[in-house]
Amino acid sequence: MSSSPAAPSLALAQPPLNDISLGEKAALTGIGLGFLALLAAAADADAWRARLSLYVALALISGGTLGWSWLKYGRKPAGLQHDNLWLRSSTSRGAVAWITAVVLTGFYVLLYWYSSPDDKGHFGLLNGLVHTLDPFSQLLRRRAADQWFLYGTFYTLAILLMGGRALWKYRHSRYQLIRTGSVMFFQLGFAFVLPGLLLFFQQPEFYFTYFWPLKYDYLLPGTVDYLVKDGQALGVFMVFWGAVMAFLATPVLTYFFGKRWYCSWVCGCGGLAETAGDPYRQLSDKSRAAWRWEVRIIYPVLALIIIVTAAMWLNQVLHGAVLGAAADGLYRFYGFFVGAVFSGVVGVGFYPLMGSRVWCRFGCPMAAYLGLLQKHFSRFRITTNGGQCISCGNCSNVCEMGIDVKQYAQRGEPIVRASCVGCGMCSTACPRGVLNLENGPREGRYAASTLIHADSLRILS
Amino acid sequence: MRLLIIGNGITGVTAALTVRRLQPEAQITLVSDESEQHYSRTALMYVYMGHMRQQDIRPYDDWFWPENRLTLLHATATSLDTQARQVTLSNGQQLPYDKLLLATGSVSRLTGWPGRELRGVQGLYGLPDLARMEQDTHGIKQAVVVGGGLIGVELAEMLHSRGIGVTVLVRDAHYWGSVLPAAEARLVQQQFEHHGITVRYLTELAEIVGNAAGRVQAVRTTAGEELACQWVGLATGVTPNLALAQTSAVETDRGILVDEQLQTNVPDVYAAGDCAQFRQPGRGEVPIEQLWYTGRMQGETVAHTLCGTPTAYRRGVWFNSAKFFHLEYQTYGRVPVQPETGTDSFYWEHPGGRHALRLNFNSAPGHAVTGFNALGLRLRHAVCEQWISNQTPVREVVATLGAANFDPEFYRQHEADIVRRFNQQFPQHAAVLQRRKGLWG
């Protein structure tokens, strides 16, 4: 219960910002022109001109992004650089953020539902862009480009370019440098080049860094059959790899390092969130209500994919005797609502409004699985340093998973949360050296510091 | 028990939470004239710099207060009648109490410089200050900050984030001359330099000069220099807020006078945090403590007394922390500006100037470690505290230094270099580094 304020309103007026240098403006303009050139490439009927537009676009976007990152972060002394984060329209749900969200969401809608090739191999509205990548696709995969190759190329480029930005921005932290390098490496190597090379050598396209239940297809009867028949020895290895990673390596690695070994070091969704999504990490909702929604949604998604998998195998074994078409219906339902709408359209399209980890936090069944392991069967925790917390809130602010980290830190308690992906940003942002990611022994994992409560002998004689 | 707490800062809120835990049936009311809800005063700078919004620096959410049955009143407590056991608020409300805690905090100390009433001259203590700073620094080019302490460097960092040129006037020969040894202060000076902040040492403010509109246009220093500026931040300390106490029979000096149980001269009236002044401070301790941490500890201590277990305040092994631009600082135990007699001091600095460690220890046999200063290194509070309270010999501390390392994974470990330098400087205590922090924790 609060009475009416006795003092005048303290609401802070938000002044227009004037902190973008001329050089930065030039770089940002270059990026904007790059996107225009991309539109030109998409619209141009002439193949050569379209290709030229694409190269110009990529050069402008790449050069602009890296140049802007250097101008913005590289010239200042190394250290945390979060000035004006909440004062800028682009990173505080302002007009720029809404426009970005609409464009991103629109791209995903086009990609998922309006770019499948028709009988003539025409990729809908993305046809022009897809074909500009044909030479590159031939080179890498010995086949023409399709809409998923276009998507993979853009996705990888986003991780590499915005990864460059993250490397500049967080260069004072070796943890962040190595971790950013890791997501860039796994995206480029294992989620782009290697699958392309497999196709080049007439092998099944396979992503060694995605496992069931995130890449649920890999352990469904259809894919398993295809891999074993089509890929022969390599295909058998792929099935074996997928099963071992999902059921053996995941628990073991999570036991030692927490779910971060995957979510913020290897996973492509995590890789995009940590690089392209980094400007939006502070937008995740830290409220208790959001946490309740998270639990209500993510565990049912995990349960659903387990049911889908079981149903598909049951159908396979019983030749559709019991479930019949119901299993396929369930599979298609999951694929549409979770696979496409949730992980793609909402997961990335809403970055500028709801933060970079909407999918990872609310929807990803792999995150749910890893989270259960992390919470109940892991040595990982974030330790708080005695009584040094000042409740400033920087840790909660930068938590992309929406964990209200300071609730633990100000009580001197370690943070053991299923959702924590171990990005380490709370520790990086803490101004008083309070938070540290540790793989300690499981004994005393939840023990709070005795230095913060009056019950401790130190304060009470 | 009807407990009335004046002030919703860290002291008042910690006391309220502790009382709630100890006495679930207590009626607890918190009154504040500054904000509807508790917020982290130490985080004000981050709101100005745009790292967070005002709602992000609240340690607890809206639901927290009603769910824990803590009544919040946003009004000024204007008078206290200890006879009638009643506080009067600015909105006319009369609040009776069984026990009263005064946790009224501080006010900025703006000692009598000519021109301090000019527009654009202020301190930084609370939300109203932040709102004024927001208004008065909008679009300006030059500012002057007076004071070489923690708020001084915070103000410089805040203004710098908006691209405003800053000159800092520091009375002493180096930064935070009353607390930091010169070597550590030099690293802070490097931070000022890297961020393009001008610092004038051994220089004080003489006069603030205004223009015809009543706005500041320059300051004159004691060195006779005139510095043009459109804003002046006075960061020369705070002083206990006695406004309410002075309307009553509660005894005050510089602060509200309390005994070691934080009780004032009036029965059932207590004071804690920034506003309290101990009648008999412990040896080597100051009578008025104005830190977040001490406020929290006093709030917890007084809650036990309020709930019927008289408890003396013991602040234990000293600790504090800060961040100077990009340089983190932690301190444990006693590290005075000059080593005390009977104390030896070891100082290590990384050539890059971004990491340093000081270790103080007794010269007398036993050579117990007495204090740590860490810059750009994170040390484990619990480990340092144990070492100091157990009077651990310095050789053992140096040999097991890795146990106190709280730096993130993959950070460069400096223990080997530190030990080598220590052994060169103190061959009689030469230690062998035993434990290194590894991937397995």
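Residues numbered from 1 in each chain as written. Chains lettered and ligands numbered in written order. Predicted model: local features only at pLDDT ≥ 70, side-chain atom pairs only at ≥ 80, totals over all residues.

Looking up chain B in an unreviewed UniProt entry gives the name FAD-dependent oxidoreductase, with the organism given as Hymenobacter lucidus. What the UniProt record of chain B gives under Sequence similarities (unreviewed entry) is the line "Belongs to the FAD-dependent oxidoreductase family." The Cofactor (unreviewed entry) comment attached to chain B in UniProt states, word for word, "FAD". (UniProt positions renumbered as here; feature names shortened; annotations may be inferred.)

Going by what an unreviewed UniProt entry lists, chain A is known as 4Fe-4S binding protein and is assigned to Hymenobacter lucidus.

**Description of the overall build of chain B**
The helix and strand tally for chain B stands at 10 helices and 25 strands. For chain B, the C-alpha radius of gyration of 24 Å lies close to 22 Å, the compact-globule estimate for 441 residues. In terms of overall dimensions, chain B has a C-alpha envelope of 70 × 60 × 40 Å along the principal axes. Within chain B, the proportion of its 441 residues that are buried is 49%. (Helix = DSSP H or I, 4+ residues; strand = E, 2+ residues; numbered from the N terminus. Rg over C-alpha atoms; globule rule 2.2 N^0.38 Å. Buried ≥ 20, exposed ≤ 12 C-beta atoms within 10 Å, placed from the backbone.)

**Examining the interface of chain A and chain B**
On the side of chain B, 66 residues touch chain A, which itself brings 56 residues to the contact. Contributions of two or more residues to the side of chain A that touches chain B are made by α7 (174-200), α16 (394-398) and β2 (435-439) of chain A. When residues in the side of chain A that touches chain B are grouped by element, the largest group, 4 residues, is from β2(A). Partitioned by chemical class, the residues of the side of chain A that touches chain B number 22 nonpolar, 26 polar and 8 charged. (Contact = placed C-beta atoms within 7 Å. Nonpolar A, V, L, I, M, F, W, Y, C, P; charged D, E, K, R; others polar.)

**Regarding the UniProt feature "transmembrane region" (unreviewed entry) in chain A**
Residue and element names in this part refer to chain A. When the UniProt feature table is mapped onto this chain, "transmembrane region" (unreviewed entry) is found at residues 26-43, 55-74, 95-114, 148-168, 180-201, 233-257, 297-314 and 334-353. Along residues 26-43 one finds 100% helix and 0% strand; the C-alpha atoms at either end are 26 Å apart. With 95% helix and 0% strand, the stretch residues 180-201 has end C-alpha atoms that lie 30 Å from each other.

**Structural notes on the nonpolar core**
With 214 residues, the main nonpolar core has C426(A), I5(B), L101(B), L102(B), V232(B) and Y270(B) as its most contacted residues. Residues within four places of L101(B) in sequence aside, it is in contact with L3(B), I5(B), G12(B), A15(B), Y270(B), A272(B), V302(B) and L306(B). Judged by nonpolar contacts, the second largest core, of 17 residues, contains A42(A), L54(A), I61(A) and L133(A). (Core = buried A, V, L, I, M, F, W, Y, C linked by C-beta atoms within 7 Å.)

**Digging into the sheet that holds strand β19 (residues 269-271) of chain B**
Residues and elements named next belong to chain B. Across the sheet, 5 strands lie side by side as β3-β2-β1-β7-β19; this open sheet has parallel pairing. Of all the strands in the sheet, the pair left with one neighbour each is β3 (70-74) and β19. Between one strand axis and the next, the sheet turns through 20° on average, direction left out of account. Looking at chain direction, strand β1 (residues 2-6) and strand β2 (residues 27-32) are connected through 5 bridges and run parallel. Residue pairing across strands places I6 opposite V31, the latter belonging to β2. Packed on one face of the sheet, helix α1 (residues 10-22) meets β1, β2, β3 and β7 (99-102) and runs near 170° to β2. (Pairing = 2+ DSSP bridges. Axes fitted to C-alpha atoms, helices over the stretch in contact; angles between N-to-C directions.)

**Quick notes on the environment of Y369(A)**
All names here are of chain A. Examined against the element boundaries, Y369 turns out to sit in helix α15 (residues 365-376). Given 26 C-beta atoms within a 10 Å radius, Y369 is considered buried. Each C-alpha atom, one on Y369 and one on P213, is 8.3 Å from the other, the two residues being 156 residues apart in sequence. Once residues within four sequence positions are removed from consideration, Y369 is found in contact with P213 and L302.

**Some words on the UniProt feature "domain: FAD/NAD(P)-binding" (unreviewed entry) in chain B**
The residues that UniProt annotates with the feature "domain: FAD/NAD(P)-binding" (unreviewed entry) are residues 2-299 of chain B. Regarding residues 2-299 of chain B, the helix share stands at 22% and the strand share at 27%, and the terminal C-alpha atoms are separated by 17 Å.

**Some thoughts on the sheet that holds strand β21 (residues 319-324) of chain B**
Residue and element names in this part refer to chain B. Across the sheet, 5 strands lie side by side as β21-β22-β25-β24-β23; this open sheet has antiparallel pairing. Unpaired on one side and paired on the other, β21 and β23 (343-349) mark the two borders of the sheet. The average undirected angle you get between the axes of adjacent strands in this sheet is 10°. As paired elements, β21 and strand β22 (residues 327-333) share 6 bridges and run antiparallel to each other. Within β22, the position partnered with K323 by the bridge is E328.

**As for α1(B)**
Residues and elements named next belong to chain B. Look at α1: 18 Å from first C-alpha to last across 13 residues, which is about the 18 Å you get at 1.5 Å a residue. Of the residues making up α1, those classed as buried are I10, T11, G12, V13, T14, A15, A16, L17, T18 and V19. Looking at the buried residues of α1, the elements they touch are β1, β2, β3, β7 and α7 (292-306). (Expected span 1.5 Å × (residues − 1).)

**Points about the pairing of β2(A)**
All names here are of chain A. Burial runs high along β2: 4 of the 5 residues are buried. As paired strands, strand β1 (residues 380-384) and β2 are joined by 5 bridges and run antiparallel to one another. Bridge pairing in β2 links R381 to E438.

**A closer look at the domain arrangement of chain B**
For an interface, size is often stated in terms of accessible area lost upon the parts coming together. Residues and elements named next belong to chain B. In terms of domain boundaries, chain B breaks down into domain 1 (2-107 + 239-306), domain 2 (121-236) and domain 3 (319-429). The C-alpha centroid of domain 3 is placed 31 Å from the C-alpha centroid of domain 2. Counting residues per element, the ones that place at least two in the side of domain 2 that touches domain 3 are α5 (150-161) and α6 (182-194). The element contributing the most residues to the side of domain 2 that touches domain 3 is α6, with 6 residues. Tallied by class, the residues present in the side of domain 2 that touches domain 3 amount to 8 nonpolar, 5 polar and 2 charged. (Domains from an automatic or database assignment.)

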